[in-house]
Amino acid sequence: MNPESLPTWLNPEPWLDLEFTAADIERAIGADTPNEKTMAALLSPLAAEYLEPMAQRAQAITRRHFGRTISLYTPLYLSNFCNGGCLYCGIAGDRRAKRAVLDEAQLRHEMEAIKSMHLEELVLLTGERMPEADVPYLKECIEICAEYIHNVNIEVFPMSEPEYRELAEAGCTGVTLYQETYDQVVYEKMHRWGDKRDYFSRLNAPDRALKGGLRTVGIGALLGLADPKFDILCVYRHAKYLLKNYWQAGVSISFPRIKPQLGGFQADFPVDEKMLAQYIFALRICLPETPLVLSTREPQRVRDGMAGLGISKMSVASKTTVGGYSDDSEESTEQFEISDERNIPDFCKMLRSKGLEPVFKNWDSTYREPASYEKV
Amino acid sequence: MSKDILKVGDQELGSRLFLGTGKFSSTQAMIDAVKASGTELVTVALRRFNRDQAEDDLYGPLSQLENVKLMPNTSGAMNAKEAVRAAMLGRELSKSPLVKLEIHPNPHHLLPDPIETYEAAIELVKQDFLVLPYIPADPVLAKRLEDIGCAAVMPLGAAIGTGKGLSTAEMIKIIIRDANVPVVVDAGLRSPSEAACALEMGCDAVLVNSAIAAAEDPAAMGAAFKTGVEAGRMAYNAGLMPTSEVAVASSPLTSFLSSDD
């Protein structure tokens, strides 16, 4: 396999090896109508020297479009049963992980704990498709969660359009699904067995989700697996493709970065904080209206600094173990290590000290019904 | 001089500046800006009503303000059905007869859907709302919405949050010329001078949010918009000098014409 076989809407090849001058970078930072070339310029090594002006511009754009606010959400692990072969994952099938799945009573406990923290947006997570956590199970979980809070999303295995529709009808608003890496050679190496080996099935899952009636899709690359410039350019092109083809879709981008975890996986292309910041600023400048998301994988210092600087949405008080919020279930292995362990009041205090308003509820269950792209 | 009152349906407003309430750094900053702006009408998104957490709720603190009417809006709705449902819920919670009908199916540019807006307006007028639809600056759509009983029309100056000002000025002028209901420029304004321009042009009011919320000092910017809107309205009432492309010639071309044969 090679990148040539990527669909034209995704293939970043034409922009990968462009050379840029200082003037190009300056023009890109101020671009009125950014495009692939702008993005490539902002990702170039030379642009790394322009981090401060990029940050200034990213902040101005973020403030204009999202205001002085940060939307909050939290992840909820339903199950860590997984037979996946992801080389980098702490709960992959061959890891000696403590497995658990929430039953209804446990899920309700978790939801009561989450509700008591006033959170109104949730992402439900599982491993790969397993008998313990399949689509009917997810549907039940979504229905239960929707009783408690306004905005329920999923970050699970890819599924078919009818399956997505079933979940949309149960009250699911959106799906997060990272391609992990857009580099097919690395992708094949990283995903040793199972359904996830099908690169294109995963790539096209956001399309199926939107056709199935979900309103939002979150995409991203697990930074560190492959050349990050390649991956970020692909993320940019993927987002643009989705925006063009599903004009009602909300598309957001996250920036997961490989951190040490169970199994001791080392990134071949480590992304440091400055590189991460450069990618976030570049995407903010080139996609001014797209929510950019930063999770608690990142350390406190980076989260505090990036809030409002391109980033418009953040997870908070995250637990990555099954049953982590109510703490009444058996201890399970976490998928990745949380770096920012602050509770909600402390996190909100930090945001407010930076003149940013934490927004808990930015959606209403009144709008909870499948979207439609059908042309009459 | 009698007070220059703006009537929207049966609602009387002493200020021609309407405020949006999102995007502020804190509820207090928003309340301060509302007060400084002298506005008598604010709009608040149903999705930002939060009955479960006072700290996150925009509606509660706004409802405490005297002399400020509340207009729930349907932001977040993708179609007519959702907007109608949101409007009903908003009225139930706020008891306000006013609704800002806002349907933007694309969550990125937030531009309004004229077709769904029209359909929702029909239903909401039937349900006795005072409907203020946020619309593209389309003179035909504006008349259609007036015909079915909307209390005002709110064409956009530019896309929400862009600060591109009165990009649609020529269309808005046509809307104003033809309208029998108040015309409110909603979205796109960046500066008090642009608000003044809108009022000078003959708009009945402007609705501002991002320009105030994203300013360095939102309360001060609220006050600046108050002054801009007042100046624009005064200028409109005073009657602007006509503009002219050509100088008046000292030797007129038509001096040879006589009125007696």
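Conventions used here
- Residues numbered from 1 in each chain as written.
- Chains lettered and ligands numbered in written order.
- Predicted model: local features only at pLDDT ≥ 70, side-chain atom pairs only at ≥ 80, totals over all residues.
- Heavy atoms only, no water.
- Buried < 20%, exposed > 50% of the residue type's maximum accessible area, 1.4 Å probe, protein only.
- Helix = DSSP H or I, 4+ residues; strand = E, 2+ residues; numbered from the N terminus.
- Pairing = 2+ DSSP bridges.
- Right-handed = clockwise from strand over helix to strand, strands pointing away.
- Contact = heavy atoms within 4.5 Å.
- Buried area = accessible area lost by both parts, 1.4 Å probe.
- Salt bridge = Lys/Arg side-chain N within 4 Å of Asp/Glu carboxyl O.
- Core = buried A, V, L, I, M, F, W, Y, C linked by side-chain atoms within 4.5 Å.
- Axes fitted to C-alpha atoms, helices over the stretch in contact; angles between N-to-C directions.
- Parallel < 35°, antiparallel > 145°, perpendicular 65-115°, else oblique.
- Left-handed = near helix turned anticlockwise from the far one by under 90°.
- Nonpolar A, V, L, I, M, F, W, Y, C, P; charged D, E, K, R; others polar.
- pLDDT = per-residue confidence, 0-100.

All names here are of chain B. Side chains of strand S10 (residues 205–208) alternate between two faces, with Ala205 and Leu207 and Val206 and Val208 buried alike. As paired strands, strand S3 (residues 17–20) and S10 are joined by three bridges and run parallel to one another. Looking at S10, one finds that Leu17 is bridged to Val206. Judged from the three bridges that link them, strand S9 (residues 184–186) and S10 form a sheet pairing that is parallel. Across the sheet, the residue bridging to Val184 is Ala205, located in S10. Crossover connection from S9 via helix H7 (residues 192–201) to parallel S10: handedness right-handed.

Here the focus is the interface of chain A and chain B. In this complex, chain A contributes 37 residues to the contact, which on the side of chain B involves 41 residues. Across the chain A/chain B interface, buried area totals approximately 3100 Å², and carbon plus sulfur atoms make up 44% of it. Contact with chain B buries surface across chain A, with Arg68, Lys361 and Tyr367 of chain A losing the most and accounting together for 21% of the total. Where chain A touches chain B, the interface holds four salt bridges.

Here the focus is the nonpolar core. Core analysis: the biggest nonpolar cluster contains 119 residues, and Leu124, Ile154, Tyr182 and Phe255 of chain A have the highest contact counts within it. The residues contacting Ile154 of chain A, other than those within four sequence positions of it, are Val123, Leu124, Ile142, Met159, Tyr164, Leu167, Cys172, Gly174, Val175 and Thr176 of chain A. Residues Phe49, Leu62, Val84 and Ala121 of chain B belong to the second largest nonpolar core, which totals 61 residues.

Before going further, it helps to examine the packing of helix H11 (residues 228–245) of chain A against helix H12 (residues 273–286) of chain A. All names here are of chain A. Where H11 meets H12, the axes come as close as 11 Å, and the angle between the chain directions of the two elements is 25 degrees. Classified by the angle between their axes, H11 and H12 sit roughly parallel to one another. Note that H11 runs across H12; the crossing there is right-handed. Along the contact surface, H11 presents Pro228, Ile232 and Tyr236, while H12 presents Met275, Tyr279, Leu283 and Cys286. Taken together, the residues of the contact of H11 with H12 break down into seven nonpolar, no polar and no charged.

Attention shifts here to the pattern of salt bridges. All names here are of chain A. Scanning all chains against the criterion turns up 33 salt bridges over all chains. Across the pair Asp24 and Arg27 runs a salt bridge, and its minimum N-O distance is 3.4 Å. Of the two residues, Asp24 and Arg27 both sit in helix H2 (residues 22–29), three residues apart, roughly one turn of that helix. Exposure remark for Asp24: the relative accessible area of 23% places this residue in the partly exposed category.

Further remarks concern the packing of helix H1 (residues 27–37) of chain B against helix H9 (residues 218–238) of chain B. Residues and elements named next belong to chain B. Following both chains from N to C, one finds H1 and H9 inclined at 25 degrees, their axes separated by 7 Å at the closest point. Overall, the two elements H1 and H9 adopt an arrangement that is roughly parallel. Crossing hand, H1 versus H9: right-handed. Side by side, H1 and H9 meet where Asp32, Ala33, Ala36 and Ser37 of the first sit next to Pro218, Ala219, Gly222, Ala223 and Lys226 of the second. A breakdown of the residues in the contact of H1 with H9 according to their chemical character gives five nonpolar, two polar and two charged.

As a further point, take the confidence of the model for chain B. When pLDDT is averaged across chain B, the result is 91; 96% of the residues are at 70 or more. Scored by ipTM, the complex comes to 0.73, with pTM at 0.86.

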